[in-house]
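Remarks on the overall topology
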Amino acid sequence: MRPRDLSTHTAYEAGRGAEEVARELGLDRVELVKLSSNENPHGPSPRASEAIRAVADAVHTYPKSSHTDLLKALAERWGVAPNQVWLANGGDGALDYLSRALLDPGEEVLVSRPGFAYYAMSARYHHGRVKQYRLRKSEDFAQTAAGVLEAYDGERIVYLTSPHNPTGSEIPLDDVLEIAEETDESTLVLVDEAYGEFTAAPSAAGLIEGQSGSGDEDEGESDRREKGTIGDGENVPTAEREDVAVLRTFSKAYGLAGLRLGYAITPASWAGAYARVNTPFAASEVACRAGLAALSDAEHVEHTVSSARWAREYMHEHIDAPTYESGGNFVLCEVGDAPNVVASLQESGIIVRDCSSFGLPECIRITCGTHEETHRAVETLDDLLEKW
Ligand SMILES: Cc1ncc(COP(=O)(O)O)c(C=O)c1O
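Counting starts from 1 at the beginning of each chain's written sequence and moves along it residue by residue. Given that the model is predicted, a residue must reach a pLDDT of at least 70 before its local features are reported, and side-chain atom pairs must reach 80 or more before they are shown or counted; all residues, however, enter totals for whole chains, interfaces and linings.

**Considering the sheet that holds strand E1 (residues 33-35)**
In plain terms, the rule: Paired strands, as defined in this entry, are two strands with at least two bridges between them according to DSSP. Under the scheme used here, helices are H or I runs from DSSP no shorter than 4 residues and strands are E runs no shorter than 2 residues, and both carry numbers assigned from the N terminus. Interaxial angles span 0 to 180 degrees and are taken between N-to-C directions of axes, which are lines fitted to C-alpha atoms, for helices over the stretch in contact. By the criterion used throughout, residues are in contact when their C-beta atoms, derived from the backbone, lie within 7 Å.
The four strands are arranged E1-E10-E11-E9 in an open sheet whose pairing can be described as mixed. Edge positions in the sheet fall to E1 and strand E9 (330-334), since each has one partner strand and no second. In this sheet, neighbouring strand axes are inclined to one another by 30 degrees on average, regardless of whether the strands run parallel or antiparallel. Inspection of the sheet shows E9 paired to strand E11 (residues 363-367) by five bridges, in the antiparallel sense. Bridging across to E11, Leu332 finds its partner in Arg365. Sheet strands in contact with helix H13 (residues 371-387) are E1, strand E10 (350-354) and E11, and its direction is about 85 degrees off that of E1.

Encoded structure:
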């Protein structure tokens, strides 16, 4: 007896863990600066930590009301109905639910190269096939409707990532809209906004059918607009599209990567599909309670976002190698021989992401750290590049 033929599947290569590297190098964990997985260097919201502690003695029950409460809170935030929110075990889990709900065996999806590996993995797990569109370094990895549509050939799902991992590039909403308009009615345009909080650009959620634009998100956004953390909202297209969905996560700006909590915002007319594809109790009691608490802590997100913006600017200005504009909490940097640079940095206690697995063996991706971590990483990298 064997598993089915998995030869076209590839294993996900995560950024290296600090514990793992510390053990390998015989160092203490605290001596390492881990900037390889786009995590939040400031940790979770203190309110989320408190909620996790508070729920510890209640995890013998299935998550029922907490799941309902979190759906409600997210629905209010985005101005959609609760059944438009597909809560899952991380954004990755939401990608799986979308694959389950959309893909018939043998159907194709269109993903970017370079790009986030799990789109293709999820499609293959669900008996789908994968095609790619290119983002070109010579064009600073620009994402455009023309570039995507040139490669498009009736695929069932087109994945867009904005801000894009690992390049940091963004796709304007007008281009998202054009892609939705120009592709078949049966094609879903999925906009992955895992790093959405870090950009000044508006969310593609406004394009989704059933989004009233009257949720808390508007209040939140107007606050953020005042603080200059999102765009001014003028000329933001809205639409009632039943072929656009958005992915968001608590792993990045909310600092809850270890909890595994994410969700998709889907069109109103898909109502009922989630209930037919999700795992019973799709997010844990701990995750739901922590998610609710984190949502209420705007200060933590603001601090995280402004710190990331500082760090990415600092990296652009001070790294003695080409870097790319980034809307996320990381910067792509062209260093030549990424595997060797990563190995040398690691010996100095700095862990960053080698982008070879993204098809960019000359690039590394550095997550925005705290001020101290970012200074140390940049200084160590520059010293290394000087000797190289
Ligand atoms: C572009 C993108 N989408 C989705 C995810 C999934 O994140 P999670 O499953 O932790 O929510 C990640 C994680 O790094 C990502 O980079």
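Having seen the structure, we can now continue with the description.
**Considerations on the environment of Cys363**
Stated precisely, the cut-off is as follows: Exposure in this text rests on C-beta crowding, where 20 or more other C-beta atoms within 10 Å of a residue's own make it buried, 12 or fewer make it exposed, and counts in between make it partly exposed. The C-beta atoms are placed from the backbone.
By the secondary structure assignment, Cys363 is in strand E11. Take Cys363: there are 26 C-beta atoms within 10 Å of it, and that puts it in the buried class. The sequence separation of Cys363 and Gly147 amounts to 216 residues, and the corresponding C-alpha distance is 22 Å.

**Regarding the site of the ligand**
For clarity, the threshold we go by: Throughout this description, a residue near a molecule or strand is one whose C-beta atom, derived from the backbone, lies within 6 Å of it. Amino acids are sorted into nonpolar (Ala, Val, Leu, Ile, Met, Phe, Trp, Tyr, Cys and Pro), charged (Asp, Glu, Lys and Arg) and polar (every other residue, Gly among them).
Taken together, 13 residues surround the ligand, and among them Gly90, Gly91, Ala194, Thr249 and Ser251 come closest. The leading source of residues in the shell around the ligand is helix H4 (residues 90-102), at three residues. Its residues assigned to classes, the shell around the ligand shows three nonpolar, eight polar and two charged.

**Quick word on the sheet that holds strand E6 (residues 188-192)**
Pairing in this open sheet of seven strands is mixed, and the strands run E2-E8-E7-E6-E5-E3-E4 from one edge to the other. Of all the strands in the sheet, the pair left with one neighbour each is strand E2 (85-88) and strand E4 (129-134). Here the strands of the sheet are splayed against their neighbours by 25 degrees on average, with no regard to which way each runs. As paired elements, strand E5 (residues 157-161) and E6 share five bridges and run parallel to each other. When the sheet's bridge partners are listed, Leu160 is paired in E6 with Val191. Running over the sheet, helix H5 (residues 118-125) touches strand E3 (108-113), E4 and E5 and is turned about 160 degrees from E3.

**Focus: the domain arrangement of the protein**
Using the following cut-off: Note that the domain bounds were set by an automatic or database domain assignment.
When cut into domains, the protein gives domain 1 (18-44 + 300-387) and domain 2 (46-297). For domain 1 and domain 2, the distance between their C-alpha centroids amounts to 26 Å. Facing 26 residues of domain 1, the contacting portion of domain 2 comprises 27 residues. Sorting the residues of the side of domain 1 that touches domain 2 by element identifies helix H11 (298-318) and E9 as the ones contributing at least two each. The leading source of residues in the side of domain 1 that touches domain 2 is H11, at six residues. Grouping the constituent residues of the side of domain 1 that touches domain 2 by class yields eleven nonpolar, eleven polar and four charged.

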